[in-house]
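The lines below spell out each chain.
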Amino acid sequence: MADKDQMAELPSHTLLEIIKVQTDISRLGVDFGAVMTLVADRLQDLTGAKGAIVELAEGDEMVYRAAAGIAQSQLGLRLNAGTSLSGLCIATGGILQCDDVEIDPRVDLNACRRVGVRSMVVAPLSHEGTTIGVLKIASPTPHAFSAQHNRVLELISGMVAAQMFHSARMEKEELYRLATQDALTGLANRALFYDRLRQRLAEARRRQQGCFGIVNFDMDGLKPINDQYGHGAGDAAICETARRIRTAARETDTVARLGGDEFAAILTSICGRDGIASYVDRMVETVRTPFDFQGRSLPLDCSYGVAAFPEDGTELETLMAIADERMYEVKRTRKHR
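Residues numbered from 1 in each chain as written. Predicted model: local features only at pLDDT ≥ 70, side-chain atom pairs only at ≥ 80, totals over all residues. Heavy atoms only, no water.

Chemist: Any chance you could explain the pairing of strand β1 (residues 51-58) here in plain terms?
Modeler: When a strand is regular, its side chains alternate between the sheet's two faces. Of all eight residues making up β1, seven are buried, and the element is well covered by its neighbours. Both β1 and strand β2 (residues 61-69) contribute to a ladder of eight bridges, which runs antiparallel. If you follow A52 over to β2, its bridge partner there is A68. Hairpin remark: β1 followed by β2, antiparallel, with two residues in the connecting loop; positive phi at G59, about 65°. Here β1 runs beside strand β6 (residues 130-139); their pairing, made up of six bridges, is antiparallel. Following the sheet pairing, I53 is matched in β6 by K136. (Buried < 20%, exposed > 50% of the residue type's maximum accessible area, 1.4 Å probe, protein only. Helix = DSSP H or I, 4+ residues; strand = E, 2+ residues; numbered from the N terminus. Pairing = 2+ DSSP bridges.)

Right, dumping it as structure tokens:
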């Protein structure tokens, strides 16, 4: 944490915003997925950066567990810690600034170009001698950051690390579990879903064989449940939907809650759009039965869309967009009927 002299270098309105961030982090408690998403979004706003990332160190890799702005589409990206500025930040334990990635030998230049980063500042997420990752702000232009940006990053990183370690009682394994798990349902969260999807795509391309499916689910009728019975009933409906989808899936599949009433799944070793749709039809049938909430029978339903690798494409963004569009096409058709 920065001392009082360092804090005085920041404008008062910035300090007030940092205090608000600390309050919001505390309210989220052990929902580390939500904490990291909040921090990435607010850090970008506080610094005026074009991108903000929370990376966790996992083995020899740095993994994008939350991202905002220009880095948002790279959620789940894995970098070699030994050849990246983030890995060096963990090794040295201090804030590092890169003014131009094109002439800085410390960075992973290919990754920077992929994300669209030209300059950045990286701060370690450290608490009582243990470092678990980094916070990063990024810009597509060189020389975008100053000493004040470093101060903001220092303050926020200290808050985040302290909250995460205290909530997890200093157990790193528990911390990583909480960082990749949806707090309400216990399913994989958005960051873990994209991480596993990137790994699955990389494996399929490397072997030049294999097929799998992506499914996007969206609950139908959640708003009327919230409006009529309250958000407690809505949360119960979300949890029951999550439980039914997870139960219907296989152990090798990844089922995740992407947020709100949206779920997704990676279905391994299923080939072709028709085969995937047939399998998911059976999964959804388990959802479409009423559930009991405090003595009331409430309806559950969901719409879905699928994309097949490699039939529908071989790029993450393409497959997710196709699954999403097909899901909304189903919703529009059902609504029209």
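Chemist: Please explain the state of the cysteines as it appears in this structure.
Modeler: Two cysteines form a disulfide when their sulfur atoms are joined by a covalent bond. Summed over all chains, the structure comprises one disulfide. The structure places no disulfide on C98, whose sulfur is separated from the nearest cysteine sulfur, that of C112, by 6.7 Å. (Disulfide = S-S within 2.5 Å.)

Chemist: I tried to follow helix α8 (residues 190-207) on my own but got confused; where do I start?
Modeler: Given 3.6 residues per turn, any residue in an α-helix points the same way as the ones three and four places further on. The end-to-end C-alpha distance of α8, which contains 18 residues, comes to 26 Å, matching closely the 26 Å that a straight helix rising 1.5 Å per residue would cover. Inspection of α8 places A191, L192, F193, Y194, D195, L197, R198, R200, L201 and A204 among the buried residues, and these make up the whole buried set. The backbone nitrogen of A191 has a side-chain oxygen 3.3 Å away, supplied by the residue at the start of α8, namely N189. Q208 sits one or two positions beyond α8 and adopts a positive phi of about 55°. (Expected span 1.5 Å × (residues − 1). Polar contact = N/O pair within 3.5 Å; in protein donor to acceptor, adjacent residues only side chain to side chain.)

Chemist: Teacher, can you tell me more about helix α4 (residues 85-92) here?
Modeler: Three or more residues of α4 are buried, namely L85, S86, G87 and C89. Buried-residue contacts for α4 involve β1, β2, β4 (96-98), β5 (119-127) and β6. Once α4 finishes, G93 follows within two positions and takes phi at roughly 75°, a positive value. (Contact = heavy atoms within 4.5 Å.)

Chemist: I keep staring at the pattern of salt bridges and nothing clicks. Help me out?
Modeler: Within the structure shown, the criterion is met by 27 salt bridges. Residues D182 and R257 are paired through a salt bridge, measuring 3.2 Å at the closest nitrogen-oxygen approach. With D182 in the loop between α7 (172-179) and α8 and R257 in strand β8 (residues 254-259), this pair connects stretches of sequence that are 75 residues apart. Like D182, the residue R257 is buried in the burial classification. Across the pair D253 and R250 runs a salt bridge whose closest N-O atoms are separated by 2.8 Å. In this structure, a network of salt bridges that share partners links the residues E58, E61, R65, R78 and D195. (Salt bridge = Lys/Arg side-chain N within 4 Å of Asp/Glu carboxyl O.)

Chemist: Even after reading the chapter, I still don't get the nonpolar core, so can you show me in this structure?
Modeler: One finds M120 and I156 to be the most contacted residues of the largest nonpolar core, which totals 61 residues. The biggest single contributor to this core is helix α6 (residues 147-167), with nine residues. Not counting chain neighbours up to four residues away, the residues in contact with M120 comprise L85, L96, Q97, C98, V101, V107, C112, K136, I137, A138 and F145. Ranked by size, the runner-up nonpolar core spans 31 residues in total, among them A242, V280, V284 and F293. (Core = buried A, V, L, I, M, F, W, Y, C linked by side-chain atoms within 4.5 Å.)

Chemist: Can you help me understand the pairing of β2 in this one?
Modeler: Across the nine residues of β2, seven count as buried, placing the element largely inside the fold. Where β2 lies against strand β3 (residues 78-80), three bridges are found, and the strand directions are antiparallel. Within the sheet, the bridge partner assigned to V63 lies in β3 and is R78.

Chemist: It is not clear to me how the sheet that holds β6 should be interpreted in this structure. Could you clarify?
Modeler: Strands belonging to one sheet form pairs held by backbone hydrogen bonds; the direction of such a pair is parallel or antiparallel. The strand order β3-β2-β1-β6-β5-β4 describes an open sheet built from six strands, whose pairing is antiparallel. Taken across any chain shown, the strands that pair with only one partner, and hence form the sheet edges, are β3 and β4. In this sheet, adjacent strand axes meet at a mean angle of 25° when their direction is disregarded. Running at roughly 125° to β2, α8 makes contact with β2 and β3 of the sheet. (Axes fitted to C-alpha atoms, helices over the stretch in contact; angles between N-to-C directions.)

Chemist: Would you mind showing me how to read the confidence of the model for the protein here?
Modeler: The predicted coordinates ought not to be read in detail in places where the model reports low pLDDT. Within the protein, residue pLDDT values average 90, and 95% of them lie at 70 or more. When pLDDT is averaged over each element of the protein, β4 comes out on top at 98 and helix α1 (residues 4-8) at the bottom at 43. Throughout residues 1-8 the model reports pLDDT below 50, and contacts reaching past four residues in sequence, or to other chains, amount to ten contacts. (pLDDT = per-residue confidence, 0-100.)

Chemist: Got a minute to help me understand the environment of C112 in this structure?
Modeler: Relative to the helices and strands, C112 resides in helix α5 (residues 109-115). Accessibility expressed as a relative area gives 7% for C112, which makes it buried. Along the primary structure C112 and A138 are separated by 26 residues, whereas in three dimensions their C-alpha atoms are 9.6 Å apart. Sequence-distant contacts of C112, defined by excluding residues within four places in its chain, comprise V101, V107, V117 and M120.

Chemist: Is there a simple way to think about the packing of aromatic side chains in this case?
Modeler: Centre-to-centre distance and the angle between the planes together describe a pair of aromatic rings. What the rule picks out here adds up to two aromatic pairs. Plain terms: the ring middles of F193 and Y194 are 5.5 Å apart, the flat faces sit at 90° to each other, and that makes the pair edge-to-face. The pair formed by F193 and Y194 is uniform in burial state, with each residue classed as buried. The side chain of R250 reaches across the aromatic face of Y279, ending 5.3 Å from its centre. (Phe/Tyr/Trp six-rings, centres within 6.5 Å; stacked < 30°, edge-to-face > 60°. Lys NZ or Arg CZ within 6 Å of the ring centre and 35° of its normal.)

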